[in-house]
Amino acid sequence: GLIELVKRAEPLLPSVPDALDLLRHSGVRPEPDSLRSAIWDLRDQWKLAFLVFKWREEECLRGDEKAWSLMIWVLGSCRKFNVAWSFIRDLHKYNMDARRAMLIMIERYAANGDPGKAIRTFQIMEKLNLSTDPDAFYDLLRFLCVHGSLEEAEDFMLNNKKLFPLSTEGFNIILDGWCNLSDVSETKRVWREMSRSCVNPDEATYAHLIRCFSNAGNLFDSLRLYDGMQNKGWKPGSTVYNSLIYVLARENCLKEALKMMEKMKESGLQPDSCSYNSLIRPLCEADRIAEARVILCIMIKESIEVDRETYHAILLATSYEGTVKVLDGMRKARCCPSADTFLLLIAKFYRLDEPENAVRIWGVMKQYNVLQEASHYQTMIRGLVACGWREKAGEVYAEMRGNGIRDDPKVKLLLRPPKEEKRKIKNELR
């Protein structure tokens, strides 16, 4: 295959021309789709991914925007920004529009926790006469917020109001960021700033606020804003209804939550798995498993697809025996447990101080053909050490290394004998 051919060229990589010569004389001419697939498959090995791209560079630069966009994303993800910048200069040589490339760089800088460079890249766009219209500005704000740089996003928005006047969309992006963190105090502060700036809210603003307040269990403000939407003649969407269903169920108002679901139907919106999960999740969190199962039965009866999120909510609230039954039910419903399912279960049993059940569920993973990944091993080892099962932790660590999973220095550090044990060993050796 293509990947094997590229890996055969890897030993020649200190000399890129030699590696490219091998590929070009192989008789293989990869189609655009195959080329992009190879770059994606090699995304963690940027040198090989870049070699694939260089192999068909001229064709990619002239007409395959998806390929060079993906290549810039890979370089940014691997923190090879200098290589990415040289690549963007090549785009200019071919008179290609580098706007998309610059936006990818901005997003990758934000993802790598460098908001300053993300902002500077946006400013460079202006110097290169690339379009920095409101869409690009909002993309920058969105990238910063999604990757946790909310203060920087808000400062940039407020400090550039002469170039980009303060708008509802800009404030909504900042609000959405704080709402995703369920930070009520910051959400309220931005809401007040929006009012002080004489920027009018819209339906999306109210939806963000209701979602934030409902996640924090603030029933009063959630309902107050819902009434405010109706008074303004705005029709709430599914997100608003699901948020209200969740907060009502969480605050022990199950009847009212079911009535809200009826209102949702009356408005012409059909409750989906997300709506029912908004009921089941808080019931499970409150250990009201019997009621959660009733809702699950209604869900199945109404032919609503039961997804993993539904099962995960129930799994978090069940004993070991109940967990095994739910896992079996998942398999029968053709919604088989995933790697995330078992990660959630392992962590749950350690939180409950039940290392024996974590070990048992570790064995169950194999029955469902779920591969034990680095995250599973790390969670297992940390939990076993925390519960005093150091010997078992050592066995799991040895298994991890035997399966070729890369060592984690933090995990290795956990397995070092404590000081008291070290002294005992030293005394025995004297």
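Residues numbered from 1 in each chain as written. Predicted model: local features only at pLDDT ≥ 70, side-chain atom pairs only at ≥ 80, totals over all residues. Heavy atoms only, no water.

### Considering the overall build of the protein chain
For step 1, the next point in the chain: Counting its regular elements, the protein chain contains 27 helices and zero strands.
For step 2, the next point in the chain: Once the C-alpha set of the protein chain is aligned to its principal axes, its extents read approximately 75 × 70 × 50 Å.
For step 3, the next point in the chain: Within the protein chain, buried positions represent 48% of all 430 residues.
For step 4, the next point in the chain: Across the protein chain, every contact between residues at least 6 apart in sequence was considered, and the portion connecting residues at least 24 apart equals 60%.
For step 5, the next point in the chain: With an accessible surface of roughly 22,900 Å², the protein chain has 49% of that area assigned to carbon and sulfur atoms.
For step 6, the next point in the chain: Taking the average location of the 64 positive side-chain charges in the protein chain and that of its 61 negative ones, the two points are 4 Å from each other. (Helix = DSSP H or I, 4+ residues; strand = E, 2+ residues; numbered from the N terminus. Buried < 20%, exposed > 50% of the residue type's maximum accessible area, 1.4 Å probe, protein only. Contact = heavy atoms within 4.5 Å. Areas by Shrake-Rupley, 256 points an atom, 1.4 Å probe, with all protein chains shown as cover. Lys, Arg positive; Asp, Glu negative; His and termini not counted. Charge placed at Lys NZ, Arg CZ, Asp CG, Glu CD.)

### Quick word on the packing of aromatic side chains
For step 1, the next point in the chain: Enumeration over the complete set of coordinates arrives at 16 aromatic pairs.
For step 2, the next point in the chain: Seen from their ring centres, phenylalanine 122 and phenylalanine 164 are 6.1 Å apart, and the 55 degrees between their planes marks the pair as tilted. With phenylalanine 122 in helix H9 (residues 115-127) and phenylalanine 164 in the loop between helix H11 (150-159) and helix H12 (168-180), the pair connects residues that are 42 residues apart, well separated along the chain.
For step 3, the next point in the chain: The class of phenylalanine 122 is buried, set by a relative accessible area of 2%. (Phe/Tyr/Trp six-rings, centres within 6.5 Å; stacked < 30°, edge-to-face > 60°.)

### Considering the UniProt feature "repeat: PPR" (unreviewed entry) in the protein chain
For step 1, the next point in the chain: Mapped onto this numbering, the UniProt entry annotates "repeat: PPR" (unreviewed entry) at residues 167-201, 202-236, 237-271, 272-306 and 373-407.
For step 2, the next point in the chain: End C-alpha atoms of residues 167-201 are separated by 9 Å, and the span's content is 74% helix alongside 0% strand.
For step 3, the next point in the chain: In residues 373-407, helix accounts for 74% and strand for 0%; the two terminal C-alpha atoms are 12 Å from one another. (UniProt positions renumbered as here; feature names shortened; annotations may be inferred.)

### Considering the side chain of histidine 376
For step 1, the next point in the chain: Mapped onto the fold, histidine 376 is located in helix H24 (residues 374-386).
For step 2, the next point in the chain: Its relative accessible area of 0% is what places histidine 376 among the buried residues.
For step 3, the next point in the chain: A polar contact of 3.0 Å, which involves the side chain of histidine 376, links it to the backbone nitrogen of glutamate 373.
For step 4, the next point in the chain: Leave out the neighbours within four places in its chain, and histidine 376 touches Ala339, Phe342, Leu343, Ile346, Trp362, Met365 and Leu371. (Polar contact = N/O pair within 3.5 Å; in protein donor to acceptor, adjacent residues only side chain to side chain.)

### Some thoughts on the environment of leucine 344
For step 1, the next point in the chain: Tracing the backbone shows leucine 344 in helix H22 (residues 339-351).
For step 2, the next point in the chain: Spatially, the C-alpha atom of leucine 344 lies 25 Å from that of threonine 239, the residues being 105 residues apart in sequence.
For step 3, the next point in the chain: When neighbours within four sequence positions are excluded, leucine 344 is seen to be in contact with His312, Leu315 and Leu316.

### A few points about the side chain of serine 338
For step 1, the next point in the chain: Mapped onto the fold, serine 338 is located in the loop between helix H21 (320-332) and H22.
For step 2, the next point in the chain: Other than its neighbours up to four places away in sequence, serine 338 contacts Arg308 and Val370.

### Details of the environment of aspartate 176
For step 1, the next point in the chain: Within the fold, aspartate 176 resides in helix H12.
For step 2, the next point in the chain: When its relative accessible area of 26% is taken as the criterion, aspartate 176 is described as partly exposed.
For step 3, the next point in the chain: With 95 residues separating them in the primary sequence, aspartate 176 and proline 271 have C-alpha atoms 23 Å apart.
For step 4, the next point in the chain: Residues contacting aspartate 176, with those up to four places away along its chain left out, are His208 and Arg211.

### A closer look at the state of the cysteines
For step 1, the next point in the chain: In this structure the tally under the stated criterion is zero disulfides.
For step 2, the next point in the chain: Of the cysteine sulfurs around cysteine 212, a residue in no disulfide, the closest is that of cysteine 179, at 4.3 Å.
For step 3, the next point in the chain: Left without a disulfide partner, cysteine 274 is nearest to the cysteine sulfur of cysteine 335, which lies 15 Å away.
For step 4, the next point in the chain: The class for cysteine 274 is partly exposed, based on a relative accessible area of 38%. (Disulfide = S-S within 2.5 Å.)

### Focus on the pattern of salt bridges
For step 1, the next point in the chain: Taken as a whole and assessed by the stated rule, the structure comprises 19 salt bridges.
For step 2, the next point in the chain: Across the pair glutamate 169 and arginine 142 runs a salt bridge, and its minimum N-O distance is 3.6 Å. One end of the pair, glutamate 169, is in helix H12; the other, arginine 142, is in helix H10 (residues 134-146), and 27 residues separate them in sequence.
For step 3, the next point in the chain: On the accessibility criterion, glutamate 169 (39% relative accessible area) is partly exposed.
For step 4, the next point in the chain: Across the salt bridge formed by arginine 189 and glutamate 154, the nearest N and O atoms sit 2.7 Å from each other. Taken together, the positions of arginine 189 in helix H13 (residues 184-196) and glutamate 154 in helix H11 put the pair 35 residues apart, joining distant regions of the chain.
For step 5, the next point in the chain: Of the residues examined, arginine 189 reaches a relative accessible area of 27% and is grouped as partly exposed.
For step 6, the next point in the chain: Judged by its relative accessible area of 5%, glutamate 154 falls in the buried class.
For step 7, the next point in the chain: Three or more residues joined by partner-sharing salt bridges are found here, namely Asp139, Arg142 and Glu169. (Salt bridge = Lys/Arg side-chain N within 4 Å of Asp/Glu carboxyl O.)

### Things to note about the packing of helix H2 (residues 16-24) against helix H4 (residues 46-55)
For step 1, the next point in the chain: The interhelical angle for the contact between H2 and H4, taken along N-to-C directions, is 60 degrees, at an axis separation of 10 Å. One way to sum up the angle between H2 and H4 is to call them oblique. In terms of crossing hand, the pair formed by H2 and H4 is right-handed. Counted together, Val16, Ala19, Leu20, Leu23 and Arg24 of H2 and Leu51, Lys54 and Trp55 of H4 form the full contact between these two elements. (Axes fitted to C-alpha atoms, helices over the stretch in contact; angles between N-to-C directions. Parallel < 35°, antiparallel > 145°, perpendicular 65-115°, else oblique. Left-handed = near helix turned anticlockwise from the far one by under 90°.)

### Topic: H9
For step 1, the next point in the chain: The end-to-end C-alpha distance of H9, which contains 13 residues, comes to 19 Å, matching closely the 18 Å that a straight helix rising 1.5 Å per residue would cover.
For step 2, the next point in the chain: Those residues of H9 that fall on the buried side of the exposure criterion are Pro115, Ala118, Ile119, Thr121, Phe122 and Met125. Summarising the axial view, the buried residues of H9 lie within an arc of 155 degrees, below the 170-degree limit, and thus occupy one face.
For step 3, the next point in the chain: Check the buried side of H9 and you find it contacts helix H7 (81-93), helix H8 (99-111), H10 and H11. (Expected span 1.5 Å × (residues − 1). Arc of directions from axis to C-beta.)

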